[in-house]
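Residues per chain, in single letters:
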Amino acid sequence: MRSCLSKIFVFFLALGAVSCGDPPPSPLIEAAPQGHGQRFYGRKLAPLPEIETLSFLDMNGQKRSLSDWHGKLVLLFFGYTHCPDACPTALLRIAEAMNRLGEHDGKKVQVLFVTLDPERDTEEVLRAYVPAFHPSFMGLHVPQAQVQELADAFRVFYQIVPGTDSMSYSVDHGVDTYVFDAGGNPRLSIPYQATAEEMASDLRELLSEAAGG
Amino acid sequence: MRVAFRRVALSFILAFFAVSARADSTLLRVEEPWVRASVASQQATGVFMRLTAREALTLVGARSPVAERPELHVSEIVEGVMKMRPIQSLPMVAGELVLLQPGSVHIMLMGLKQTLTVGQKVPLVLIFEDARGKRHELKIKAEVRALAADHPVQGTEQESAQEYVPAHMNHHKHP
C-alpha cells in the first residue's frame, strides 16, 4: 500500500516536473556551505523575507509576530490537530528535545505550533492541544483566508484535500521543523526523521553560537 | 423451577456467546488497540492496533459510539510532506501481521462526539469480509493513550488480547 502510494506520488511529481518545463522551485534549502553538514543535522534554511510582515494570533487571542520572540531560538512547526500521527509525533519529538536541553537552555527556546487548519483548530482547541506536549509550547493561527499566504511566505507545502464531507477534509503539509536564531534569522530546517537528540544537538550548537562559543 | 429455567436459559445464552466469540476471534486477532487522546473541541483522532487475519480477510470499516464516522485512512510522509487519504478497504493476507500505526494505515474517528481521555476504553466494532464476501464484525475496546503517545508499548499483547469481546454482526446484541 505504502510503496504503491509512493509510486503514484512520485509519478505525479515527475509529471509536474515535466509539464512545468522547469523543475519545481525548491527555494527552501540553499546549498549548504562548507562544513555546515558537520555542525548541524538540519539543513540550512534560506532567507524568508515575506515572513517579516506576517502577524498571527496566539492561542490566547493575542496579536503576535515572530519578532516577539527575538532573543530566543524559535522552533516552528506547521500542522493541524486532525493530523493523526505526523503532528503529534513531531511535537512529541520536539518536546523530548526540549527535555534533553534541560530547564536552563530550554528557557532560551520557544516552540510555536502554527495551525494550517484554523477553521477547525480554534483557539480553544489550540489551548488544549499544544501545551499537552510541553507546557511552554505556544499555538498560533491566522484567519483561514490567510493560510495560503502564510504557507507561501514560509515555503511550506500546504494543500487541503477534500474528505467525505465538508468537515472531514485533510490537510497535506510539510513536516520539517524550522529553527530561527535569537536574532530572528531563519537558520535550519530539521527533517521529520531527526531524532530528539539530533534536534537537541542542533539547538545546543545554535545556543553556544549565540553565547559567543 | 423458575430458577432452574433461568439457569438453563442463561447457560444457553452464555454458550451461544462463547461459540460466536470463538468463531470470530479465530478469524481475526487484534492486539494492543489504542486511541490517541483528544482535547476539547477536537473532532478527530486516530486508532491503532495490530491485526492478524487467520484467513484472507478485508477490513472494510468500523463503527464506534464515540464518533460519527470512523474511516480507514492511510497517511505517509513523502519528501517531507504529510499526506493522509481515506481508503475503502484494507486487504489482509492470512497469517500476516498488519500494523495500524502512526505514519501508516489507521482508523480515523471522524466527527468525535466526546473528548477521549487517557485510560478510557473506547468501544469499537471492526467490520471485515472474508474471501466469500461474507461480512463479520469484531467488537473490541481500545484504550486511550496520551495525546503525546508514540508507538505502542510492546509486550502486553497477551494480556490485552484477552480483553476483547468479539461479536457477530447479525447474531445478537449485548443484553
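If you're wondering where the values come from, they're calculated on a predicted model, not measured in any experiment.

Points about the pairing of strand E10 (residues 186–190) of chain A
Residue and element names in this part refer to chain A. Burial analysis of E10 places five of its five residues in the buried class, the great majority of the element. Across two bridges, the pairing between strand E1 (residues 43–44) and E10 is antiparallel. Within E10, the position partnered with Lys 44 by the bridge is Leu 188. As defined by bridge partners, strand E9 (residues 177–180) adjoins E10 across four bridges and the pair is classed as antiparallel. From the neighbouring strand, Phe 180 faces E10, where its bridge partner is Pro 186. Between the antiparallel neighbours E9 and E10 lie five residues, among them Gly 184 with a positive phi of about 85 degrees.

Focus on the interface of chain B and chain A
Between chain B and chain A, the residue contacts involve 33 residues of the former and 38 residues of the latter. With both sides pooled, the region where chain B packs onto chain A buries about 3,100 Å², and carbon together with sulfur makes up 63% of that total. The tally of links between chain B and chain A comes to two salt bridges. Across the pair Lys83(B) and Asp172(A) runs a salt bridge whose closest N-O atoms are separated by 3.5 Å. Counting across the interface, chain B meets chain A through seven residue pairs in polar contact (both at pLDDT 80 or more).

Quick notes on the rules
- Residues numbered from 1 in each chain as written.
- Chains lettered and ligands numbered in written order.
- Predicted model: local features only at pLDDT ≥ 70, side-chain atom pairs only at ≥ 80, totals over all residues.
- Heavy atoms only, no water.
- Buried < 20%, exposed > 50% of the residue type's maximum accessible area, 1.4 Å probe, protein only.
- Helix = DSSP H or I, 4+ residues; strand = E, 2+ residues; numbered from the N terminus.
- Pairing = 2+ DSSP bridges.
- Contact = heavy atoms within 4.5 Å.
- Buried area = accessible area lost by both parts, 1.4 Å probe.
- Salt bridge = Lys/Arg side-chain N within 4 Å of Asp/Glu carboxyl O.
- Polar contact = N/O pair within 3.5 Å; in protein donor to acceptor, adjacent residues only side chain to side chain.

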